[in-house]
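Structural overview
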Amino acid sequence: MSMHALSVSLSALALVCMSGPALALDNWTATTERGLPVLSLTQGKGLVRIVCDPDRVFGTTPNGAVIARLPKDVAPTTVVFLAKTGEQARLATANGTAAQAKADTAEWTKLVDILRKGGEFAVVSSHDSLSFETPPLPDFACE
């Protein structure tokens, strides 16, 4: 499947997933692991985790990560964060994990912007998707 066709398919899937009635906001669960802030969202058997290293605890290079486990696609090779407002961030993943150091800088910046703004967004792979509606994260530091 071409990248354009995948993009169109993902966009259509996200619109379907996000067009239902609004429910209560999904709240991020904040924890600290190995000295790093971790934000998690779960939905059924699906999970999205964002690990940040804003203080460069583990070196001088960006050290964040995104982990996506979708119920029908626990190890996607690409995930796209699609905001209802049209923004999207495409991340290549290895076994469902995208490392900030290996990610395209522009795509990582788009991801951070989507999460900071909050609102409705979907996490989409070629086989599955999860939809969330979260509050804004104005202090989200994962650059």
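Residues numbered from 1 in each chain as written. Predicted model: local features only at pLDDT ≥ 70, side-chain atom pairs only at ≥ 80, totals over all residues. Heavy atoms only, no water.

Core analysis: the largest hydrophobic core is formed by 28 residues, its most contacted members being Ile50, Phe81, Leu91, Leu115, Phe121, Val123 and Phe140. Counting residues per element, the ones that place at least two in this core are β2 (36–43), β3 (46–51), β4 (65–69), β5 (78–83), β6 (88–92), α2 (105–117), β8 (119–124) and β9 (129–134). No other element matches α2, which puts 5 residues into this core. If sequence neighbours within four positions are ignored, leucine 91 has contacts with Val66, Thr77, Thr78, Val79, Phe81, Ala98, Ala103, Glu107, Trp108 and Leu111. Counting 5 residues, the second-largest nonpolar core is a separate cluster that includes Val38, Val51, Ala65 and Ile67. (Core = buried A, V, L, I, M, F, W, Y, C linked by side-chain atoms within 4.5 Å. Buried < 20%, exposed > 50% of the residue type's maximum accessible area, 1.4 Å probe, protein only. Helix = DSSP H or I, 4+ residues; strand = E, 2+ residues; numbered from the N terminus. Contact = heavy atoms within 4.5 Å.)

The antiparallel open sheet is built from 5 strands, whose spatial order is β1-β2-β3-β4-β7. Edge positions in the open sheet fall to β1 (29–33) and β7 (97–99), since each of these has one partner strand only. Here the strands of the sheet are splayed against their neighbours by 20° on average, with no regard to which way each runs. Across 5 bridges, the pairing between β1 and β2 is antiparallel. Bridge pairing in β2 links threonine 29 to serine 40. Across the sheet, α2 touches β3, β4 and β7, and the angle it forms with β4 is around 70°. (Pairing = 2+ DSSP bridges. Axes fitted to C-alpha atoms, helices over the stretch in contact; angles between N-to-C directions.)

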